[in-house]
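A structural walkthrough
These are the residues of each chain, in order.
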Amino acid sequence: MSYLPVLGLLLLFIALLYQGRAFLSWVLPLGIAFIYWRFSEDPESWGTGTAGLFAIYALCVVVFGVPFIRRLVLTRNILPAMATIFPKMSETERVALEAGTVWWDADLFSGRPDFQKLLDFQVTPTSAEERSFLENECEELCRMLDAWQIHLDHDLPQNVWDFIKSKGFMGLIIPTEYGGKGFSAQATSEIIAKVSSRSVSAAVTVMVPNSLGPAELLLHYGTQEQRDHYLPRLADGREIPAFALTEPNAGSDAGAMTSHGIVCKGQWEGEEVLGMRLTWNKRYITLAPVATLLGLAFKLQDPDGLLGGEEDLDITCALIPTDTPGVVHDRQHDPLGVPFFNGPTSGEDVFVPLDFIIGGVERAGHGWRMLMDCLSAGRGVSLPGMSGGGAQGVTRGIGAYASIREQFGIPIGQFEGIQEPLARIGGLTYVINAARTLTAGAVDAGEKPAVISAIVKAYLTENMRIVVNDAMDITGGAGICLGPRNILGQAYHAMPISITVEGANILTRNMIIFGQGAIRCHPYAFEEMSAAWEGDVARFDRALFGHVGSIFSTFTRAAALGASCARLATPPLPGPTARHFQQLSRMSAAFNICSEVAMATLGGSLKFRERLTARLADALSWMYLSSATLKRFVDEGQTERDRAFMEWGCTHAHHEIQRALMELLDNLPSRFLGVSLKVKLFPWWSRVQPPSDRLSQKIAKALLDDGEARRHLTTEIHIPGPEDLGLGRLEAALDHVVAARAPRKKLKEAQRAGALPRNDELDILDEAVTLGILSEIEKNLVAEAAKSRDAAVQVDDFERS
Ligand SMILES: Cc1cc2nc3c(=O)[nH]c(=O)nc-3n(C[C@H](O)[C@H](O)[C@H](O)COP(=O)(O)OP(=O)(O)OC[C@H]3O[C@@H](n4cnc5c(N)ncnc54)[C@H](O)[C@@H]3O)c2cc1C
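Summarised in this report is the structure supplied together with it. (Residues numbered from 1 in each chain as written. Predicted model: local features only at pLDDT ≥ 70, side-chain atom pairs only at ≥ 80, totals over all residues. Heavy atoms only, no water.)

Let us look at the layout of surface pockets. Considered as a void within the structure, the second largest pocket measures approximately 820 Å³ in volume. What lines the second largest pocket is a set of 42 residues, and nearest its centre among them are Ala-147, Arg-198, Asn-486, Ile-487 and Gln-490. Elements with a minimum of two residues in the lining of the second largest pocket: α9 (147–153), α12 (200–207), α16 (382–404) and α20 (489–500). For the lining of the second largest pocket, a count of residues per class yields 21 nonpolar, 17 polar and four charged. (1 Å grid on protein atoms, 1.4 Å probe; cavity = no way out; pocket = protein on both sides within 12 Å on 5 of 7 lines; lining within 4 Å. Points joined across faces, edges and corners; volume = space filled by probe spheres on them. Helix = DSSP H or I, 4+ residues; strand = E, 2+ residues; numbered from the N terminus. Nonpolar A, V, L, I, M, F, W, Y, C, P; charged D, E, K, R; others polar.)

On to the pattern of salt bridges. Taken as a whole and assessed by the stated rule, the structure comprises 41 salt bridges. One salt bridge in this structure joins Glu-239 and Arg-233, with 2.9 Å as the shortest N-O distance. Exposure remark for Glu-239: the relative accessible area of 8% places this residue in the buried category. Since its relative accessible area comes to 25%, Arg-233 is described here as partly exposed. Here Asp-642 makes a salt bridge to Arg-641, at a shortest N to O gap of 2.9 Å. Judged by relative accessible area, which is 24%, Arg-641 ranks as partly exposed. Linked through salt bridges whose partners overlap, the residues forming this network are Arg-509, Arg-615, Asp-618, Glu-656, Arg-659 and Glu-663. (Salt bridge = Lys/Arg side-chain N within 4 Å of Asp/Glu carboxyl O. Buried < 20%, exposed > 50% of the residue type's maximum accessible area, 1.4 Å probe, protein only.)

Turning our eyes to something else, we now look at the site of the ligand. Around the ligand, 20 residues are found, and the nearest of them are Phe-243, Leu-245, Thr-246, Ser-252 and Tyr-284. Between the ligand and Phe-243, the relevant distance is 2.8 Å, taken from a nitrogen atom to a main-chain nitrogen or oxygen of the residue. Here Ser-252 contributes a side-chain N or O atom positioned 2.7 Å from an oxygen atom of the ligand. Burial of the ligand by the protein chains amounts to 69% of its free accessible area of 960 Å². Across the shell around the ligand, the residue classes break down as twelve nonpolar, six polar and two charged. (Near = heavy atom within 4 Å. Polar contact = N/O pair within 3.5 Å; in protein donor to acceptor, adjacent residues only side chain to side chain. Areas by Shrake-Rupley, 256 points an atom, 1.4 Å probe, with all protein chains shown as cover.)

So, on to the state of the cysteines. In this structure the tally under the stated criterion is zero disulfides. Lacking any disulfide linkage, Cys-317 is separated from the closest cysteine sulfur, that of Cys-374, by 8.7 Å. Residue classification places Cys-317 among the buried positions, given a relative accessible area of 1%. With no disulfide of its own, Cys-650 lies 17 Å from the sulfur of Cys-565, the closest cysteine sulfur. Residue classification places Cys-650 among the buried residues on the basis of a relative accessible area of 0%. (Disulfide = S-S within 2.5 Å.)

To continue, consider a nonpolar patch on the surface. A contiguous nonpolar surface patch, about 300 Å² in accessible area, is contributed by Phe-68, Leu-72 and Val-73. Residue placement: Phe-68 occurs in helix α4 (residues 67–85). Among the residues examined, Phe-68 registers a relative accessible area of 56% and is labelled exposed. (Patch = residues over 30% accessible without salt bridge, like charges linked within 9 Å, V, L, I, M, F, W, Y side chains within 5 Å.)

Now for the pairing of strand β2 (residues 260–268). Relative to strand β3 (residues 271–286), β2 runs antiparallel, the two being bridged by nine bridges. Bridge pairing links Trp-268 to Glu-271 in β3. The antiparallel pairing of β2 with β3 creates a hairpin that spans two residues between the two strands, and Glu-269 there sits at a positive phi of about 50°. As paired strands, β2 and strand β4 (residues 293–301) are joined by three bridges and run parallel to one another. Looking at β4, one finds that His-260 is bridged to Lys-299. (Pairing = 2+ DSSP bridges.)

Take unusual backbone geometry next. Of note in the backbone geometry, His-154 takes a positive phi value of approximately 60° without being a glycine. The topology assignment puts His-154 in the loop between α9 and α10 (158–166). Residue His-154 is classed as partly exposed on the basis of its relative accessible area of 32%. Of note, the phi angle at Glu-269 is positive, near 50°, even though the residue is not glycine. For Glu-269, the location among the structural elements is in the loop between β2 and β3. Assessed through its relative accessible area of 72%, Glu-269 is described here as exposed.

A separate point is empty space enclosed by the protein. All chains considered together, the criterion is met by five cavities of 30 Å³ or more. Of the voids in this model, the largest cavity is the one considered here, and its volume is about 80 Å³. Taken together, 13 residues make up the lining of the largest cavity; nearest its centre are Tyr-401, Ala-478, Arg-485, Asn-486 and Arg-729.

Note that Phe-356 resides in the loop between β6 (342–353) and α15 (367–378). The spatial distance from the C-alpha of Phe-356 to the C-alpha of Ile-320 is 6.8 Å, given a sequence separation of 36 residues. Phe-356 has contacts with Gln-226, Trp-268, Cys-317, Ala-318, Leu-319, Ile-320 and Pro-321, leaving out every residue within four places of it along the chain. (Contact = heavy atoms within 4.5 Å.)

All right, on to the packing of helix α23 (residues 537–563) against helix α27 (residues 671–681) then. At a minimum axis separation of 7 Å, α23 and α27 run at an interaxial angle of 55°. Between α23 and α27, the interaxial angle falls into the category oblique. Together, Phe-555, Ala-558, Ala-559 and Gly-562 of α23 and Leu-677, Lys-680 and Leu-681 of α27 make up the contact between the two elements. Taken together, the residues of the contact of α23 with α27 sort by class into five nonpolar, one polar and one charged. (Axes fitted to C-alpha atoms, helices over the stretch in contact; angles between N-to-C directions. Parallel < 35°, antiparallel > 145°, perpendicular 65-115°, else oblique.)

Pasting the structure below:
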């Protein structure tokens, strides 16, 4: 019978698909039942060919389907070969990979994200106390900040330093029992966002004590005595902390540090104690020139066995008061002219007691794990906060500027050429803040989402750079000439700093996101690798064959979703988000297959094919940004006001994912797999297009003329009063310009009809009133608008030096 082999193969296919889950319970009985049925119906047709096929089928069923036999025949033999294929890792890399937790990123990686889980996740809102701090202390700090004066003085004024310390800005993350604010990650991120919209220097000064550094390390790992002593002092600013990891020859590869400590006996406060002789040379350390407490990472050695263990104890973190004899921190760097304290620090044979180690002597050698664990959460809060606040500030200012500034007789925001970058600014600002809020929410829910933190660190700062560059182009010379009127220069200068710190973006994109994602988020890879390294056949067998089954089912799904333009995916909600959820589902399945193929064909060498892993990182990161955008839209009530922003964000994200995966397939060493997968996953008829001109125009228009959407997009920043020469002056001018729109239109119509001469509008105002074209009030509105518009487009000039 001709259909018999086909059916046999189909059963084998299903067996592989479900292998490890439902195989023995239903596929095997089904196969036996089928054989019995065929045999009893027509025993004569039981030809040798068919019998042969069934014999092969039965063999496959037994070998693949009975775990005991499979382990004996297959897995035991595969394991040693696989153990050599998996990438080799240093201990430092392994600790970094194992740090933190896995969250929504695992769903995105799986190829089958459970969107209901994302929608059900509650982002805890800021508390009443946190809101009060944002609306009072934080607003007051913003009012005290004069970014230009800070630039000239190269420091914050003393009253600002005092305010920051006395109001608890340095202890936002320190619990109240230690005198800190005990604020959530969400509140900390919003505070940094607000302050950074006013002054980058102040934001960095507030950010550093609340990011990876002495306070956070003490909270997680400090001894009770260390916490009781230092945390209250850090909370009220008596101690100014800095954290020193980077060295001249250990930047991105921080684990290669040469700073070291030798365990020895020495004199401390008149007594002989067991301690360490520390030698270090660190650079780029924020707040180091003014720090009173230095968090120091170094490699600890115990050559005389005074601790009774190994000689090389590895990376260790200690807290060193900067008044300890031998601590040098008196020089400073100039980070692109952005005025905040940053500088080198060094010391040679500086003796300190062993209980200066964070967590005491039992934490000696645990420093790298402590740092990686803290970074897993911290990277998701501070720099995303800065990017979110910075993007909101730029959006607010640029919307006003493009409405006020006129060339060729109309506001520049009306030109399609300007609307293109304007739409990118608005769309990306919505996306950046969606991801910022969701990630801080995850941290507040107890996650330390290592991969997601790396994603938001790299992609929010990178998108913020796009926002700033676009805004620069829109403002032209007004963005370039520095001075109190310039609303962009400060952010423009500071952008490379955000890009470089806490894991430089190229490294994070090319190596960390997919490298860590593939191992931590992949449903089977980490299990396979650790089982292979440990030689555990049973665990390896379960993971490997579960993996094979998952590849078959996800490939079928990805191809079906590709062919159907994602319409076969079930969205969690009807309405405007449905198509975007479907596309995201499809992208997740395609991503899963592309990463499987890259890992299977390149094995351990994928680690060195950074161009490929960077594209996989792009795809994973944009999936996260798209899901955050959808969640924000749903959580904020799916309003018509925000719909274009959500649509732009998701379409842009899905187009980016598709670009990244298609480029990956184009560059896959196996050309056969690359080409065939491209045809299956992205057939020509179902490719996602970038946001349309019409959609972009909608967003651009929403940013002009002080619409509700513009206000909503920028609610978290400080809006200065009209006396402020930067954003305040633009906001005030915008009010006048918007109020004068209708009377100016009347003037233009009258000019077109020949009722008024085509002179400058200020010269024809009186005539317009005499002819009854404008009322006296309307005349004043036009005159006021012209005056404030003229003031708003001025730039600063200075006496020649
Ligand atoms: C203003 C400022 C403040 C800072 N504050 C602190 C602080 O408070 N404490 C502290 O300890 N450090 C601090 N740093 C240091 C910062 O974390 C490092 O600058 C950063 O880790 C990069 O190191 P590097 O500058 O030596 O660059 P390098 O490590 O030399 O990197 C140069 C380039 O190579 C890329 N790269 C490196 N390795 C790879 C790879 N495997 N694959 C692909 N690309 C790679 C990087 O992404 C980067 O683009 C600060 C730096 C600055 C500029």
